[in-house]
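Structural overview
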Amino acid sequence: QVQLVESGGGLVQAGGSLTLSCAASGRIFSTYAMGWFRQAPGKEREFVGGIRWSAGAVYADSVKGRFTISRDNTKNTVYLQMNSLKPEDTAVYYCAAPDRYYSIILVSQEAYAYWGQGTQVTVSS
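Residues numbered from 1 in each chain as written. Predicted model: local features only at pLDDT ≥ 70, side-chain atom pairs only at ≥ 80, totals over all residues. Heavy atoms only, no water.

1. Some points on the side chain of glutamate 6
Topologically, glutamate 6 is positioned in strand 1 (residues 3–7). The charged side chain of glutamate 6 is buried without a salt bridge, its nearest counter-charge being arginine 45 at 8.0 Å. A polar side-chain atom of glutamate 6 sits 2.8 Å from the main-chain amide nitrogen of glycine 118. When residues no more than four places from it in sequence are discounted, the contact partners of glutamate 6 are Ser21, Cys22, Trp36, Tyr93, Tyr94, Cys95, Gly116, Gln117, Gly118 and Thr119. (Helix = DSSP H or I, 4+ residues; strand = E, 2+ residues; numbered from the N terminus. Buried < 20%, exposed > 50% of the residue type's maximum accessible area, 1.4 Å probe, protein only. Lys, Arg positive; Asp, Glu negative; His and termini not counted. Salt bridge = Lys/Arg side-chain N within 4 Å of Asp/Glu carboxyl O. Polar contact = N/O pair within 3.5 Å; in protein donor to acceptor, adjacent residues only side chain to side chain. Contact = heavy atoms within 4.5 Å.)

Rendered as structure tokens:
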């Protein structure tokens with residue numbers, strides 16, 4: 001069984017920064033790509049970005065240039081560094097992992113079998 005635990009959410013003013021962490025445990029391989037998603041109130045869950053095992057990352061256009069995803073495979077942890085936060089970044093943020101190896105980062109949430117409990121990020125204006 002795979003467990004993902006996010007941490008690091010909170011309240012921040014617009015323009016501020018936060019770093020989220022996602023610690024993975026269980027039968028998960030460091031070669032798997034990991035994804036970050038978010039869901040704002042009343043909206044669908046959306047892809048934020050993802051990272052390959054080799055640390056190559058992709059991002060949604062809405063966060064490109066502001067967010068950075070990294071990973072420490074020795075700790076089975078993935079990070080989401082969020083800078084220049086905007087009120088529209090307010091959401092519950094989730095990390096996700098697939099149950100198999102993919103050579104590319106998948107943006108569809110259906111591709112991910114395991115999800116964390118989510119961590120709230122609130123950006124005040």
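2. Quick notes on the pattern of salt bridges
Close approach of charged atoms allows side chains with opposite charge to pair. Under the defined criterion, the tally for this structure stands at five salt bridges. We note a salt bridge from arginine 66 to aspartate 89, for which the minimum N-O separation is 2.7 Å. Taken as a pair, arginine 66 in the loop between strand 6 (57–59) and strand 7 (67–72) and aspartate 89 in the loop between strand 8 (77–82) and strand 9 (91–97) lie far apart in primary sequence, 23 residues in all. Note on aspartate 89: relative accessible area 1%, which makes it buried.

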